[in-house]
Amino acid sequence: MDLKTWRKLPQKSVDRGVLYDLLKNKMRLKREPVMVTYCETEPPAGYAPVNVPPCGIVHRAEQGQRVCVDAQNHDCFVGLYHLGMITSERAGSLICDGEYLAMEQGFFTAAAARRNKEQTFTMPFGAIRAIAAAPLRDAPPDVPLDLLVVVTDAFHAMQLAGAAAVREGTAPHGELGPSSCSSIFVAPWFTQNTVFALGEGGGRRFNGLDTTEMFVVLPAHHAPYVIEMFENFWIKPEAAHHLLMPSYAAKKAAEDAKNRG
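Residues numbered from 1 in each chain as written. Predicted model: local features only at pLDDT ≥ 70, side-chain atom pairs only at ≥ 80, totals over all residues. Heavy atoms only, no water.

Draft legend 1. Representation of the environment of Gly106. Here Gly106 shows up in the loop between helix H6 (99–104) and helix H7 (110–118). On the basis of relative accessibility, which here comes to 83%, the residue Gly106 falls in the exposed class. Note: C-alpha distance between Gly106 and Gly46 (60 residues apart in sequence) is 42 Å. (Helix = DSSP H or I, 4+ residues; strand = E, 2+ residues; numbered from the N terminus. Buried < 20%, exposed > 50% of the residue type's maximum accessible area, 1.4 Å probe, protein only.)

Draft legend 2. Up close: the sheet that holds strand E6 (residues 173–175). Spatially, eight strands are ordered E2-E3-E4-E1-E5-E8-E7-E6 in an open sheet, and the strand pairing comes out mixed. Strand pairing shows two members of the sheet lacking a second neighbour, strand E2 (48–49) and E6, which therefore form its edges. Pairing geometry for E2 and strand E3 (residues 67–70), over two bridges, is parallel. Bridge pairing links Pro49 to Cys68 in E3. (Pairing = 2+ DSSP bridges.)

Draft legend 3. The arrangement of the nonpolar core in detail. In this structure, Tyr38, Ile57, Ile131 and Phe185 are the most contacted members of the largest nonpolar core, which totals 42 residues. No other element matches helix H10 (residues 180–191), which puts five residues into this core. Phe185 has contacts with Val36, Tyr38, Pro54, Cys55, Ile57, Val58, Leu83, Met123, Ile131 and Leu147, leaving out every residue within four places of it along the chain. Tyr20, Tyr47, Ala163 and Ala164 belong to the second largest nonpolar core, which has 33 residues in total. (Core = buried A, V, L, I, M, F, W, Y, C linked by side-chain atoms within 4.5 Å. Contact = heavy atoms within 4.5 Å.)

Draft legend 4. Looking closely at the side chain of Lys117. Mapped onto the fold, Lys117 is located in helix H7. In this structure, Lys117 is buried with no salt-bridge partner, the nearest side chain bearing the opposite charge being Glu200 at 8.0 Å. Within the local environment of Lys117, its side chain forms a polar contact with the side chain of Tyr100, the two groups lying 2.8 Å apart. Residues contacting Lys117, with those up to four places away along its chain left out, are Val78, His82, Ile95, Cys96, Asp97, Gly98, Tyr100, Leu101 and Ser179. (Lys, Arg positive; Asp, Glu negative; His and termini not counted. Salt bridge = Lys/Arg side-chain N within 4 Å of Asp/Glu carboxyl O. Polar contact = N/O pair within 3.5 Å; in protein donor to acceptor, adjacent residues only side chain to side chain.)

Draft legend 5. Focus on the pairing of strand E4 (residues 130–135). Along E4, six of the six residues are buried, which leaves the element largely enclosed by surrounding structure. Side-chain alternation along E4 places Ala130, Ala132 and Ala134 on one buried face and Ile131, Ala133 and Pro135 on a second face that is also buried. Across six bridges, strand E1 (residues 34–39) lies against E4 in antiparallel orientation. Bridging across to E4, Met35 finds its partner in Ala134.

Draft legend 6. Molecular detail of the environment of Ala254. Tracing the backbone shows Ala254 in helix H14 (residues 246–260). Ala254 sits in the partly exposed class, given a relative accessible area of 48%. Sequence separation between Ala254 and Thr37 is 217 residues, and the spatial gap between their C-alpha atoms is 58 Å.

Draft legend 7. Region of the structure containing the side chain of His221. Structurally, the position occupied by His221 is in the loop between strand E8 (213–219) and helix H12 (223–231). Of note is the side chain of His221, whose polar atom sits 3.0 Å from the backbone oxygen of Gln192. Once residues within four sequence positions are removed from consideration, His221 is found in contact with Leu9, Pro10, Gln11 and Gln192.

Draft legend 8. A nonpolar patch on the surface, seen in detail. A grouping of Leu243, Leu244 and Met245 is seen on the molecular surface, where their side chains present a nonpolar patch of about 340 Å² in accessible area. Tracing the backbone through its elements, the reader meets Leu243 in helix H13 (residues 238–244). Overall, the relative accessible area of 65% leaves Leu243 in the exposed class. (Patch = residues over 30% accessible without salt bridge, like charges linked within 9 Å, V, L, I, M, F, W, Y side chains within 5 Å. Areas by Shrake-Rupley, 256 points an atom, 1.4 Å probe, with all protein chains shown as cover.)

Draft legend 9. A look at the environment of Ala130. Summarising the element assignment, Ala130 is placed in strand E4. Here Ala130 falls in the buried class, since its relative accessible area comes to 1%. Sequence separation between Ala130 and Leu209 is 79 residues, and the spatial gap between their C-alpha atoms is 24 Å.

Spatial relationships are all this shows, so hold off on functional conclusions.
See the structure below:
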């Protein structure tokens, strides 16, 4: 799949202002939602190149910056490889076979590191030229929203990652183990699906996650479901509990008998 095909995925338009208001003022997310854009050519005007690991652009955008990384501006060859900005030949076995994982972490066996990389999503070389991020509240309206990235706690992650599941029945894709750059930027591309990911040590550190937080990434075609979900949000557990839970049904029957007597 190329970027033109990605942007032709069936989707409804989303009002970014409404989406931001919902996330920050109604859901009361502690951290800023981030808009990520795949760049087939040059990054959008006003996005500054930064020398950080590609996954680190999320944290920069949370802080109010419009930033991008490409093959010349970055601080992690692993991220470049998974984003398809360097060839597998240049990445070599150090990255492609995960040798670096066993070199820097004693608990990683060489075989496990190799399998880790075999199971990690990687963009085809040249699919994108750069990747850009900006705070959702301050993203230029003419710049495409390809991904909505949120760092949040498990409770809010459950709601956001489940938005497509409750509106169209598509269960989200979960990740634990792959490089954070792949989980955040590449897994949604290949699965065309919402992704929730714990990230790995480096990605969590570069993005300042505490022990309770995780990444949630919605592709553009799932973002409108967040608004739909909350526009239709109501809970009436009693409507089903007495049909599904024997203990609840027995308690209700006893209460009804007491009220009659």
